[in-house]
2 protein chains.
Amino acid sequence: MSHRFDHDTTTRRLSDGEHEAELAAAWNIGPVPNGGYQAALSCRAALVELGAPDLVNVTSYFVGASAPGPTRLRVEVLKRGRSNSMASVSLAQGGRERVRSLVAAGDLGALTGLELHHEGPPEMPAPERCLHLSPAVTSAPEVLRQVELRLDPATAAFARGERGAATELRGWLRFADGRPADGLALAFFADVLPPTVFNHLGVMRWVPTLELTTQVRRRPAPGWVRLRMVTRHVSAGHFEEDGEIWDERGELVALSRQRAMILGE
Amino acid sequence: MSHRFDHDTTTRRLSDGEHEAELAAAWNIGPVPNGGYQAALSCRAALVELGAPDLVNVTSYFVGASAPGPTRLRVEVLKRGRSNSMASVSLAQGGRERVRSLVAAGDLGALTGLELHHEGPPEMPAPERCLHLSPAVTSAPEVLRQVELRLDPATAAFARGERGAATELRGWLRFADGRPADGLALAFFADVLPPTVFNHLGVMRWVPTLELTTQVRRRPAPGWVRLRMVTRHVSAGHFEEDGEIWDERGELVALSRQRAMILGE
């Protein structure tokens, strides 16, 4: 438990299904804890209750904005199965629900079956030739102190104050303190990159997430992961961000999709 | 209420949040009601409780197999908001939960904001030059009597007993009885096409869905919708199906993604 992500996703079990935890400000985007961090915290409580080794799938609906500080988690076990178990997790602060998640858990190491990949990992320069997006950059959020993020310069026009046509970001990511990635980390990583639409909009502003789902496919190898986040359709300000996460071996370890919203000016 | 889909998604409100309904066998795949149909039924109960006109986003986790017959739905309101409202819906039979859904609802007609589409609707032959996949075809499921489905022959090698490399299906879809599509219909349509992996596997067998999410983007125009379902990654038998649904005007009306599993032989 020497790593910050583990410390800041620790929950204290009060009774069957009831946990308390502390949302740490270290994972903020502006005044609000990162959505992926809140999803990971919810998953951790679910894994404890389900007694399952791996996060398989998680969906979070963001009911209301959280703030750093004490939080309560209520885990309802929906199913204990051979191939997977499921739970619903409610994350509340001050008696008001902020995030509701559904979680499937199981043993990813025990899966056997067809492998078929029509696409490989995204092509991008090595980390040392990518753009270091750090909190030193004006307006970069606090959460970026906890990770090392290197953006493919070809997708980072917005970070140079320019405006690109694409709504795609590619980058390398790992924890700043060397913690290896696992399923919980992937649920967080899926929400770390800046919004894909920044590059097109040419402005960086708050784009709240309505829903975020992460499919964990495989336990990641230690080291960097490589991410590709793509938006194909913005409909009246609502858009998807489709994420792929690949590990250092070049294996797909997770897919993610979120629905986010560009708020009116 | 002269259309079958409306009749078969009708719920009777017993008290605050408590509904009863009947899962009709007409929407079966083999012995099991179609997952999208169960999602649509759950959404309808949520819309009643939330008093919202449009389904915006729905995620269903399939906890256990349902069967045609009586079912109880319990709707928990999570949020009543200006831009959207949210609910959790539990669908149970015989006291056991079968499907748990999270639903966001609101007024899609009131949305204004950026429109940006990097891809248009899929190219495919007109419906009359596509393959009519009907229950007359051996092993085609019962649910296909309720819709007209026309598959692009280029993606339907499996229906000719052949084996294709692609894991993509394209097709036209509408209700057989002329019911126009709406958000609830799209939550169902997202799960109607045969699994994308049939084409590659060369066999048609049961591929259970773990989770299904549909993002409704716009109210569809009357008439055919056009669907494209794509699988890029099968990991130890687990795969995503990414769906796009376009209306007759050529506008994107929904995105969907499910996680399904090819079970061992």
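Attention in this report is confined to the structure presented alongside it. (Residues numbered from 1 in each chain as written. Chains lettered and ligands numbered in written order. Predicted model: local features only at pLDDT ≥ 70, side-chain atom pairs only at ≥ 80, totals over all residues. Heavy atoms only, no water.)

**Examining the overall build of chain A**
When its secondary structure is counted, chain A shows four helices and 17 strands. Compactness check: chain A gives a C-alpha radius of gyration of 18 Å against a globular reference of 18 Å for 265 residues, within 12% of the reference. The dimensions of chain A, computed from C-alpha atoms along their principal axes, are 50 × 45 × 40 Å. Looking at chain A alone, contacts between residues at least 24 apart form 68% of all its contacts between residues at least 6 apart. (Helix = DSSP H or I, 4+ residues; strand = E, 2+ residues; numbered from the N terminus. Rg over C-alpha atoms; globule rule 2.2 N^0.38 Å. Contact = heavy atoms within 4.5 Å.)

**Structural notes on the interface of chain A and chain B**
Chain A puts 59 residues into the contact, and the matching count from chain B is 59 residues. Our enumeration of links across chain A and chain B arrives at six salt bridges. Among the salt bridges present, the one from arginine 100 of chain A reaches glutamate 76 of chain B, with a minimum N-O distance of 2.9 Å. Our count for the chain A to chain B interface comes out at 46 residue pairs in polar contact (both at pLDDT 80 or more). Sort the elements by how many residues they give to the side of chain A that touches chain B and strand S17 (residues 252-261) of chain A lands first, with seven residues. Considered class by class, the residues forming the side of chain A that touches chain B number 26 nonpolar, 19 polar and 14 charged. Direction of pairing for strand S9 (residues 116-117) of chain A relative to strand S15 (residues 233-235) of chain B: antiparallel, over a ladder of two bridges. Residue pairing in the sheet places histidine 117 of chain A in a bridge with histidine 233 of chain B of S15 of chain B. (Salt bridge = Lys/Arg side-chain N within 4 Å of Asp/Glu carboxyl O. Polar contact = N/O pair within 3.5 Å; in protein donor to acceptor, adjacent residues only side chain to side chain. Nonpolar A, V, L, I, M, F, W, Y, C, P; charged D, E, K, R; others polar. Pairing = 2+ DSSP bridges.)

**Digging into the environment of cysteine 43 of chain B**
Residue and element names in this part refer to chain B. With respect to the helices and strands, the residue cysteine 43 is situated in helix H2 (residues 35-50). A C-alpha to C-alpha distance of 17 Å links cysteine 43 and valine 192, two positions 149 residues apart in sequence. Here cysteine 43 is in contact with Leu55, Val58, Val103 and Leu184, once residues within four sequence places are set aside.

**Examining the pattern of salt bridges**
All names here are of chain A. Here the structure, examined in full by the defined rule, presents 54 salt bridges over all chains. For arginine 257, the salt bridge goes to aspartate 242, with nearest N and O atoms at 2.6 Å. Note that arginine 257 is positioned in strand S17 and aspartate 242 in strand S16 (residues 238-246), a separation of 15 residues in sequence. Classification of arginine 257 as buried rests on a relative accessible area of 7%. (Buried < 20%, exposed > 50% of the residue type's maximum accessible area, 1.4 Å probe, protein only.)

**What about the relation of the copies chain A and chain B?**
Both copies of the chain are placed relative to one another by a rotation about an axis and a shift along it. For the pair chain A and chain B, the relating rotation is 180°, the translation along its axis is 0.0 Å, and the fit reaches an RMSD of 0.0 Å. Interpreted geometrically, this transformation is the action of a two-fold axis. Across chain A, the smallest distance between a C-alpha and the rotation axis is recorded for threonine 59 of chain A, namely 3.8 Å. When the interface residues of chain A are mapped onto chain B, 100% of them again fall at the interface, so both copies present the same face. (Least-squares fit on C-alpha atoms with pLDDT ≥ 70 in both.)

**Quick notes on helix H2 (residues 35-50) of chain A**
Residue and element names in this part refer to chain A. Taking 1.5 Å per residue, 16 residues should reach 22 Å; H2 reaches 22 Å between its end C-alpha atoms and fits that length. Summarising burial for H2: 15 of the 16 residues are buried, a large majority. Of the residues one or two after H2, glycine 51 is the one with positive phi, at around 60°. (Expected span 1.5 Å × (residues − 1).)

**Let's talk about the packing of aromatic side chains**
Residue and element names in this part refer to chain A. Enumeration over the complete set of coordinates arrives at 22 aromatic pairs over all chains. Relative to tyrosine 37, the ring of tryptophan 27 has its centre 5.4 Å away and its plane inclined at 25°; by these criteria the two rings are stacked. You can see tryptophan 27 sitting in the loop between strand S2 (18-23) and strand S3 (28-29) and its partner tyrosine 37 sitting in helix H2, a full ten residues away along the chain. Judged by relative accessible area, tryptophan 27 falls into the buried class, the value being 0%. Of the residues examined, tyrosine 37 reaches a relative accessible area of 0% and is grouped as buried. Here a set of aromatic residues connected by ring pairs shows up, and it is made of Phe5, Trp27, Tyr37, Phe175, Phe188 and Phe189. (Phe/Tyr/Trp six-rings, centres within 6.5 Å; stacked < 30°, edge-to-face > 60°.)

**Describing the pairing of strand S8 (residues 96-106) of chain A**
Residue and element names in this part refer to chain A. Burial runs high along S8: ten of the eleven residues are buried. The sheet contact formed by strand S5 (residues 54-62) and S8 spans eight bridges and is antiparallel. Its bridge partner being in S8, aspartate 54 is matched across the sheet by glycine 106. Examined bridge by bridge, strand S7 (residues 85-93) and S8 share nine bridges and lie antiparallel to one another. Across the sheet, the residue bridging to alanine 87 is valine 103, located in S8. Here S7 folds back onto S8, and the loop between the two strands holds two residues, one of which, glycine 94, carries a positive phi near 55°.

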